[in-house]
Amino acid sequence: MADFIKNPVVGLPDRKPEPVIPADQLHFSEAEKTQIQTWISQYPSADGAVMRALWLAQEKFGFLPPEVIQLVADELGIPYTNAYGVATFYTQYFKEKKGTYVLDVCTCFSCQLCGGFDMLHYLEEKLGVHKGETTDDGVFTVQEAECLGACGSAPMLQITNGAYVHNLTKEKIDALVDALREDKMPAFTSVTLPQDEDEMGGNRRTDVESTETYQAGPVSETTR
Amino acid sequence: MSKAGDWRNYKRVLLPPVKDLHKLDVYEANDGYSALREILTTDKWNPTSVTDEVKKSGLKGRGGAGFPTGLKWSFMPPVDPDVPRYLCCNGDESEPGTFKDRQLLEYNPHSVFEGMLIASYAMSIKTGFLYIRGEFADWITHMEAELEKAYEKGYVGKNIMGSDFSCDIVIHKGAGAYICGEESSLMNSLEGKRAYPRIKPPFPAQKGVWGYPTTINNVETPACAPLIIRNGGDWYAGIGAEAHPGPVLYGISGHVNRPGVYEYPTGMLITDLVNEVAGGMRGGKKLKAIVPGGSSTPVLRADMIDGVTMDADSLREAGSMMGTSGMLIMDEDTDMVSFLRRITHFYHHESCGQCTPCREGTGWLENILTRIDEGEGNLRDLDLLMDLCSQMEGRTVCALADAAAWPVRYTIDRFRDEFEAKCKPSLVASGVDLATA
Amino acid sequence: MPTITIDNQTFEFEGQQGLLQFCLDNGVDLPHFCYHPAMSAPANCRQCLVEVGMPQRDRATGEVNTDDEGNPVIQFMPKLQTSCSMQMSDGMVVKTHRSSELVKRAQKDTLEFLLINHPLDCPICDQAGHCPLQNQAYKHGPEGSRFEFEKVHKPKHIDLGPRVVLDGERCINCTRCVRFTREVSNSDQLTIIERGVKNYPMTPPGVDFDEPYSMNVIDICPVGALTSKEHRFKARIWEMSKTASISTVGAKGSNCYYWVKDNQIMKVTPRTNMDVNEFWLADEERLAYSTFNENRPEGPTVEGAPVSWEMAWKAAADCLKGVEGSRILFLGSAWATVEDNYLLAKMADALGAPAPVYLPHVEKGHGDGWLQTDDRAPNAQGCERLGIHATSPEAIKARLEAGEVDVLYVMEDDPVASGVCSASDMSGIKVVLHHYNTTNQTLEAADVAIPAATAVETVGTFVNVDGHAQRLRPAKAIAGVNRTLSMEIGKCRADRHGTPFDKWYNESNLVNCQPGWVALPAVAAEIGLEMNYKGPKQIMEEVSSSNPAFSGATYSAMGELGVRLESTGVTA
Ligand SMILES: Cc1cc2nc3c(=O)[nH]c(=O)nc-3n(C[C@H](O)[C@H](O)[C@H](O)COP(=O)(O)O)c2cc1C
Ligand code: SF4
Ligand code: SF4
Ligand code: FES
Ligand code: FES
């Protein structure tokens, strides 16, 4: 997929799509409905809960085809059109099916200067896809991400809107891809504050399995 | 001159060195919620006196604009029991180079909750929304677990600590849009709309979320409130730079040996932060430039930072801004053209698209910088870029267009040689006779 | 009274007012795209920027500071402000492009941005010629383009719904169309999708933009991004003449323009009237114009054979002559004007016949409380106010069957289609029929058939469902010469400057018909009744002065926007 700036084409969503979620699966469980009602009660109007409900639906169905967005809108009692407009505004909502693992590699700003593009290209090469594409086996989608708020541990990536992997190296990517192929998600990693290292001899949390320290980023080979 | 005093012996207060401070019992054992308790149970405090104390502290917002917090709180209209009012706490943290809020949320979540409650008390607010960017999913889970504990303990919710003050906190999860950090976009996002920023006036204090009076603060801002109540505004005002006081979380990234989030007073010398705090330049390289407060703040060349300290006044004099105090340090090998190209890509990608100059201008900037970066640019392009910046600045609904234009304007202005070197040589400059060429 | 100074000219104003609207109302032609008076102002196009200043006040005293000459010191806001979102306040000083280089520059800059991704396909765009973007780019825009890159490509030729087509590339993202469905029609069928430069308006998947008011977005779209599926590529704007009149679809009498090329109605668009339809028109009001163009009669007939107009008048008169008044049934019409119905009632009275009645055309449930009404005819109120009351097909049928009627005189209606009886059931009686279309099912039974000028070919008055009396104006010409009609007709540039010898002057599609106010006096004259009026204007003067239910409804008072009549308590 060429960069938008080189190939500025905006597509038309399928306007009369066949539903992809079987009708007998297209519903929320009682527990999910209760959860959505709780969210609704937290806002002055039900619209406020739309983002949470879309998140829940995406986690349940894997992505947000139109029928799922409609389901969310109906559950909230808001216009489907509004829910659809919201879903297309945000990048983290998947409007089409992605790989089981979506790898969002940050190449922005600090990450750019600390090897973010090297990591992205390495991953693209390793998995045989370009950014924006999914591997043929449907396991991985590689994406280029904007700053993910972890610039001190650049380069970094995020796995399917969840775990952050900090201080990326090629070796780390190899290990990560292997682990994900076996469906082993990396544990949440707490990045230790440098001052904590100095003053407390390490990470301040005793309740996390995995910690890491901030490290100087690698010298980047390319910045695009 | 550093305005941070004896910073080498500085004792952290936002993130004090306490194991497991994120746990409620540990937080309690370390004076946690004592400021709120004092407010709710002693006669000394009422909403006005709390706001006055915050005014006295000189606290300025940590979200980027550096607006005086006490003053902002006092903009809320008089209480009308029939009209709800809201607090929004901004944890959208998406400005490239900024990663301090995430650490605060992880390591001291209750200070954010307590701060939100104090702010709510000061403004007679009954609901505070904590907006956290969707990418911080793990931290949202973490915050929710801690919030639940605070509810169980009666620190949040109905009749807090037996007083007649009730306040709920709702954590809102974003879904990937930088613009949601802009306060009025954040309000639309909360309301379940497309997150377009709103035209001001009306200001949030007049017409905010759902049309009701609202105050918006960055998460680090209210986290200072418990400290101010416990130790007094004067104490807080005495930390760091006089006109821009307090402890601040510096997020240092880029070509340094020891990047990370550091808590120090405001008014630290940039050189101290780079050379001492962050362990100096990676690989012994020379410093080329720094961006002091997130991607939209103007870049400073190495020769511009002597004696410059991290506070609003000093940075303004030096030709930049404090922003989010997310500092990017660049070494001599940095390609400023590629660097700027990637920044323009960011703003192009993140423009909400409602205003003409931003929607169209951000893409045009990226187009030109891509061309220059690929060696296809002309010298004329540099002037065009400057023109486009002037056409965007101050002409839009929100400040994203300005934030997109400033890096272009200042990076080119301050590194013009590098940009010219990447452009195709001008026919005039290379001595070609145009008439015969 | 508070004052505001705009480009050195001071105006007084009252109450809460938006600056842009005030400027527009006072002849300051401020360029703008996204602002629409009926909807919220997102201030997103950034075209209406102006300099705004306020008198500087002394902090301590609150008094206005003055300079050496005693004039207030004006403090201008550091940034240009969008006038569409600016509320006026006393003492405000505004500089527009007429007096500020800064504003001029900003307008030009914004236009440059708007045009970089615009396809500039004006030569094939329906909006060209009445396009705010084209006009403003011409007046205020830059001369060339400095943009040297691939334009963003977006979906084109998309049927948003059955009646509206989208060209995503032409869209300037003003969000007017989306706000219309959200704030005005409340159909919620449109949203902007995507983000940033990828933005464009769309329905969500599976939804058609088919609401009954969908075509309004075509008018409010400030570019050619939304066009009418039905009118696309049929006529350029400058080839049509436009006439301010009212819609005849339903009883709302929405104000509209009829657009005509070669004496055919090409499209119908709304005309603002805040007392009737505000800025809008229902889709059905725009699309039901084929009856004006198609199946039109070719002059009068007697027993089905073409005759001259004189013969027709005579034949109609012959039907009436010598018949006892009580055995003539005059059928008025809720399709016909007040003037024509009035003349009919006069004729009935003169012949000693009972007052005319009319057949209501009510479709229960069709009304929506907005512009669509249950009543599908435009002038039932006018009939009622004239004392022409509604009857039912059954009641007429009963009279016909009882043999009480020798002559049925029908003004511009179709009793057979209304279900009174079949045409053959009328064989025993004389039928005079004034009709619009050859599809009129009563034609078969008509002894004398008189083609009538339709609402777009005549001059007259309709009273809408709310008692608003409004004037009809002729939009297209009929065969023959009529001074009243040719004076009132809307003209395009070519018409105004052309003569019958110029080749653009067009005689095609002229229908050989006559307005009721020509036909009825002509028939009356043949019976020996005096009906001498100079024209419909004079008829209406008589109606308004003699009938309190029409008090005040003279042509000059009705003007272009009509007058609200006193309620009579009668509902049509
Ligand atoms: C484009 C843009 C993005 C912003 N992003 C953030 C953000 O991610 N976090 C934040 O706290 N403030 C952000 N701000 C600033 C907010 O609008 C607002 O000023 C701030 O949250 C106020 O908090 P404070 O007074 O505590 O600084 C952003 C502003 C703009 C114009
Ligand atoms: S400046 Fe940009 S991001 Fe801000 S409202 Fe306008 S288009 Fe949206
Ligand atoms: S289609 Fe027309 S009305 Fe709708 S947003 Fe685009 S320009 Fe505006
Ligand atoms: S720049 Fe990559 S996380 Fe911030
Ligand atoms: S008309 Fe004011 S910004 Fe569009």
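Procedures and definitions
- Residues numbered from 1 in each chain as written.
- Chains lettered and ligands numbered in written order.
- Predicted model: local features only at pLDDT ≥ 70, side-chain atom pairs only at ≥ 80, totals over all residues.
- Heavy atoms only, no water.
- Domains from an automatic or database assignment.
- Near = heavy atom within 4 Å.
- Polar contact = N/O pair within 3.5 Å; in protein donor to acceptor, adjacent residues only side chain to side chain.
- Areas by Shrake-Rupley, 256 points an atom, 1.4 Å probe, with all protein chains shown as cover.
- Helix = DSSP H or I, 4+ residues; strand = E, 2+ residues; numbered from the N terminus.
- Nonpolar A, V, L, I, M, F, W, Y, C, P; charged D, E, K, R; others polar.
- Contact = heavy atoms within 4.5 Å.
- Buried area = accessible area lost by both parts, 1.4 Å probe.
- Salt bridge = Lys/Arg side-chain N within 4 Å of Asp/Glu carboxyl O.
- Expected span 1.5 Å × (residues − 1).
- Buried < 20%, exposed > 50% of the residue type's maximum accessible area, 1.4 Å probe, protein only.
- Axes fitted to C-alpha atoms, helices over the stretch in contact; angles between N-to-C directions.
- Parallel < 35°, antiparallel > 145°, perpendicular 65-115°, else oblique.
- Arc of directions from axis to C-beta.
- Phe/Tyr/Trp six-rings, centres within 6.5 Å; stacked < 30°, edge-to-face > 60°.
- Lys NZ or Arg CZ within 6 Å of the ring centre and 35° of its normal.

Further remarks concern the domain arrangement of chain A. When cut into domains, chain A gives domain 1 (26–89) and domain 2 (101–213). One C-alpha centre belongs to domain 1 of chain A, the other to domain 2 of chain A, and the line joining them spans 29 Å.

Bringing the site of ligand 1 into the picture now. Residue and element names in this part refer to chain B. Residues in close proximity to ligand 1 total 18 residues, the closest being Gly63, Lys72, Asn90, Asn218 and Thr221. In this structure, Asn217 approaches ligand 1 through a side-chain N or O atom, which is 3.1 Å from an oxygen atom. Thr221 has a polar side-chain atom sitting 2.6 Å from an oxygen atom of ligand 1. Notes on ligand 1: free accessible area 610 Å², of which the protein chains cover 90%. When residues of the shell around ligand 1 are assigned to their parent elements, the largest contribution, 3 residues, is made by strand E4 (residues 214–218). Classifying every residue of the shell around ligand 1 gives 4 nonpolar, 8 polar and 6 charged.

Close to ligand 2 lie 13 residues; B:Cys352, B:Cys355, B:Cys358, B:Thr396 and B:Cys398 are nearest. Here the shell around ligand 2 is composed, by residue class, of 9 nonpolar, 4 polar and no charged.

Here we come to the side chain of B:Thr370. Positionally, B:Thr370 belongs in helix H15 (residues 356–373). At a separation of 2.6 Å, a polar atom in the side chain of B:Thr370 contacts the main-chain carbonyl oxygen of B:Glu366. Excluding residues that lie within four positions of it along the chain, B:Thr370 makes contacts with A:Ile5, A:Lys6 and B:Arg341.

Bringing the domain arrangement of chain C into the picture now. Residue and element names in this part refer to chain C. Domain annotation of chain C identifies domain 1 (3–110), domain 2 (117–228) and domain 3 (301–454 + 511–534). Taken together, the 5 residues of domain 2 in the interface contact 4 residues of domain 3. For the pairing of domain 2 and domain 3, the buried interface totals around 340 Å² over both sides, and the portion due to carbon and sulfur atoms is 67%. The largest contributions to the domain 2 side of the interface with domain 3 come from Val184, Pro212 and Tyr213, which together make up 92% of the buried area. Counting every contact that joins domain 2 to domain 3 gives 0 salt bridges. The interface formed by domain 2 and domain 3 contains 3 residue pairs in polar contact (both at pLDDT 80 or more). Looking at the side of domain 2 that touches domain 3 residue by residue, the classes come out as 4 nonpolar, 1 polar and no charged.

With 32 residues of chain B at the contact, the number on the chain C side is 34 residues. Summed over both sides, the interface between chain B and chain C buries roughly 2900 Å², with carbon and sulfur atoms accounting for 51% of that surface. On the chain B side of the contact with chain C, B:Trp364, B:Gln391 and B:Arg395 bury the most area, a combined 24% of that side's loss. B:Arg380 is the partner of C:Glu148 in a salt bridge, and the nearest nitrogen-oxygen pair spans 4.0 Å. Summed over the shared surface of chain B and chain C, the number is 21 residue pairs in polar contact (both at pLDDT 80 or more). Elements with a contribution of two residues or more to the side of chain B that touches chain C: helix H14 (336–350), H15 and helix H16 (379–392) of chain B. Considering each element in turn, the side of chain B that touches chain C owes the most residues, 9 residues, to H15(B). Its residues assigned to classes, the side of chain B that touches chain C shows 12 nonpolar, 12 polar and 8 charged.

Another point: helix H6 (residues 116–127) of chain A. Along its 12 residues, H6(A) runs 17 Å from first to last C-alpha, staying within 8% of the 16 Å computed at 1.5 Å per residue. When we look at burial in H6(A), the residues that qualify are A:Gly116, A:Phe117, A:Asp118, A:Met119, A:Leu120, A:Leu123, A:Glu124 and A:Leu127. Considering only its buried residues, H6(A) is in contact with strand E1 (101–106), helix H5 (109–113), strand E2 (140–145), strand E3 (157–159) and helix H7 (170–181) of chain A together with H14 of chain B. Immediately beyond the C-terminal end of H6(A), within one or two residues, lies A:Gly128, with a positive phi of roughly 70 degrees.

Moving on, we get to the packing of H14(B) against helix H17 (residues 400–414) of chain B. Residue and element names in this part refer to chain B. The N-to-C vectors of H14 and H17 enclose an angle of 170 degrees; their axes lie 10 Å apart at closest approach. Considering the angle they form, H14 stands roughly antiparallel to H17. Within the contact between the two elements, H14 uses Met336, Leu340, Ile343, Thr344, Tyr347 and Glu350 and H17 uses Leu400, Ala403, Ala404, Pro407, Val408, Thr411 and Ile412. A per-class count over the contact of H14 with H17 returns 10 nonpolar, 2 polar and 1 charged.

A few words now on the interface of chain A and chain B. Counting residues at the interface gives 70 residues for chain A, matched by 90 residues for chain B. Regarding the contact of chain A and chain B, the summed buried area is about 6400 Å², with carbon and sulfur atoms giving 54% of it. Considering only the side of chain A, the residues that lose the most area to chain B are A:Phe89, A:Phe109 and A:Arg204, jointly responsible for 13% of the buried surface there. Joining chain A to chain B, the criterion identifies 11 salt bridges.

Residues and elements named next belong to chain C. The set of residues buried in helix H3 (residues 132–140) consists of Leu133, Gln136, Ala137 and His140. The buried side chains of H3 occupy one side of the element, clustering within an arc of 105 degrees when seen end-on. Along H3, exposed side chains directed more than 90 degrees from the buried face belong to Tyr138 and Lys139. Buried positions along H3 lie against helix H2 (101–116).

Take the packing of aromatic side chains next. For the coordinates displayed, the defined rule picks out 37 aromatic pairs over all chains. Here the aromatic rings of B:Phe67 and B:Phe75 are separated by 5.9 Å at their centres, their planes lie at 50 degrees, and the arrangement is tilted. The class of B:Phe67 is partly exposed, set by a relative accessible area of 36%. By relative accessible area, B:Phe75 is classed as partly exposed at 45%. Chaining the aromatic ring pairs together yields one cluster made of A:Tyr43, B:Tyr86, B:Phe129, B:Trp210 and B:Tyr212. We note C:Lys95 situated over the ring of C:Phe76; from NZ or CZ to the ring centre the distance is 4.7 Å. Positioned over the ring face of C:Trp259 is C:Lys267, at 5.2 Å from the centre of the ring.

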